[in-house]
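Observations on the model geometry
What follows is each chain in one-letter form.
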Amino acid sequence: MADPTDAPLKTTPLNAAHRALGARMVGFGGYDMPVQYEGVLAEHRWTREHAGLFDVSHMGQARITGEDAALQFERFVSNDFQGLKAGRQKYGLLLNEQGGVIDDLMAGRPDHDGLYVVVNAGNKDKDFALLEAGLEGDARLIRFDDRALLAIQGPEAAEVMAAHEPVLAEMGFMDSARLMLFGADCFVSRSGYTGEDGYEISVPADQAERIWNAILEDARVKPIGLGARDSLRLEAGLPLHGHDIDETTSPVEAGLMFGLPKARRERRDFPGADRILKELADGPARKKIGLIVKEGAPAREGAEIADADGAVIGRVTSGGPSPTLGRNIALGFVPPSHAELGTELTVIVRGRPAAAEVVATPFVPSKYYRKPA
């Protein structure tokens, strides 16, 4: 989880709060972040059983304003944001002209004033510079560097938050709202990066520690570090940019075509359309797969994947133990001919081959709350 660079680390508005709680801090995305408090395994299990509170203030937050906001935003991304209703958000991909994923993001309409956008920490300066330089008409990008972002995840998250604001219980998965919460102007979505039900809450930076502490007063909530966030998202089969997806990876290869709807494909009006539509028609050269590693140590990022004859056909992009399943799991890329469920493969871990099997993702079923139709 540590950053390899020697650049001075930035801090979130909750840095002092993490240190007061005894967190072990590491560099991540250019920020000094808590990797764990009492231990990754305990924090992972607590989130699966109760409610975990995460500081994700290192992520990039911005607003795109103007009548042309959605139209202009669509010039850079995959999903249909012009048709997005107020009170909803969508997952999208920021694409380059070669059809590679510059970043993955969330964008919503918490109210009627343009779009609220959240991008990954390590990419935010590049992402926002690209959008600022390219937006036309009356569309303008306003960075929210003066806001923090909290995520509460787990089966008890909704009850915890409804005790503070009952309307939150009425939100469904991917609903988005702007409301007064804890006496502060907040943007709230019912979403997250763990596969569990929960919320992401954007708060003013100068109110972040007060709100963080108020949520932690509930005995059902514990602070959770980035270590468990990573193991939870891996169990949920969710990609980590810079690892499972990057600027060479297409949405087809990564299995992310739910973020590029039929209407956009038909219009061919997104970056990299030629490559992506060709891959849809002819098949990609590689596909992202889920793996159960049946023996030995976990297969970490970079481990080679081999076929039944021992020929190397791909690499692991994320991997580790699954606390929920009690098995080692991984994501990686292989040729489509070896991506069928049930295919027996081998991963090379510390120079030793270990049996593995292609399985469906998510590894652990997601528990997002969807409102009754």
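Below is a short write-up of the structure. (Residues numbered from 1 in each chain as written. Predicted model: local features only at pLDDT ≥ 70, side-chain atom pairs only at ≥ 80, totals over all residues. Heavy atoms only, no water.)

A word on the sheet that holds strand S19 (residues 352-359). The 6 strands lie next to each other as S14-S17-S16-S15-S18-S19, forming a closed barrel whose pairing is antiparallel. Ignoring strand direction, the axes of neighbouring strands in this sheet form an average angle of 40 degrees. Summarising the sheet, strand S16 (residues 312-322) and strand S17 (residues 327-334) pair through 7 bridges and their orientation is antiparallel. Directly across from Pro-321, in S17, lies its bridge partner Asn-328. In the packing of helix H7 (residues 226-235) onto the sheet, contacts are made with S16 and S17, and the angle to S16 comes to roughly 120 degrees. (Pairing = 2+ DSSP bridges. Helix = DSSP H or I, 4+ residues; strand = E, 2+ residues; numbered from the N terminus. Axes fitted to C-alpha atoms, helices over the stretch in contact; angles between N-to-C directions. Contact = heavy atoms within 4.5 Å.)

Summed over the entire model, instances satisfying the criterion amount to 6 aromatic pairs. Relative to Phe-81, the ring of Phe-73 has its centre 5.1 Å away and its plane inclined at 65 degrees; by these criteria the two rings are edge-to-face. Judged on exposure class, the residue Phe-73 and its partner Phe-81 are both buried. For the ring pair Phe-173 and Tyr-368, a centre distance of 4.1 Å and an interplane angle of 10 degrees mean the geometry is stacked. Here Phe-173, found in the loop between helix H5 (157-162) and strand S10 (176-181), pairs with Tyr-368, found in the segment after S19; they are 195 residues apart in sequence, far enough to count as distant. The structure contains a cluster of three or more aromatic residues connected by ring pairs, namely Tyr-116, Phe-144 and Phe-187. The aromatic ring of Phe-144 is capped on one face by Arg-147, whose charged end is 5.9 Å from the ring centroid. The positively charged end of Lys-222 is found above the aromatic ring belonging to Trp-46, 4.2 Å away from the centroid. (Phe/Tyr/Trp six-rings, centres within 6.5 Å; stacked < 30°, edge-to-face > 60°. Buried < 20%, exposed > 50% of the residue type's maximum accessible area, 1.4 Å probe, protein only. Lys NZ or Arg CZ within 6 Å of the ring centre and 35° of its normal.)

Right, let's get into the sheet that holds strand S6 (residues 101-108). On the basis of which strands lie adjacent, the open sheet formed by 5 strands has the order S5-S6-S7-S4-S8 and antiparallel pairing. Two strands in the sheet have a free side with no partner beyond their single neighbour: strand S5 (89-95) and strand S8 (140-143). Averaged over neighbouring strand pairs, the angle between their axes works out to 30 degrees when direction is ignored. Pairing of strand S4 (residues 60-65) with S8, which is carried by 4 bridges, proceeds in the antiparallel orientation. Bridging from a neighbouring strand, Ile-64 pairs with Leu-141 of S8. Lying on the sheet, helix H4 (residues 124-134) is in contact with S4, S5, S6, strand S7 (115-119) and S8; it crosses S8 at an angle near 155 degrees.

Interpretation note: all reported values are geometric properties and have no functional meaning in isolation.
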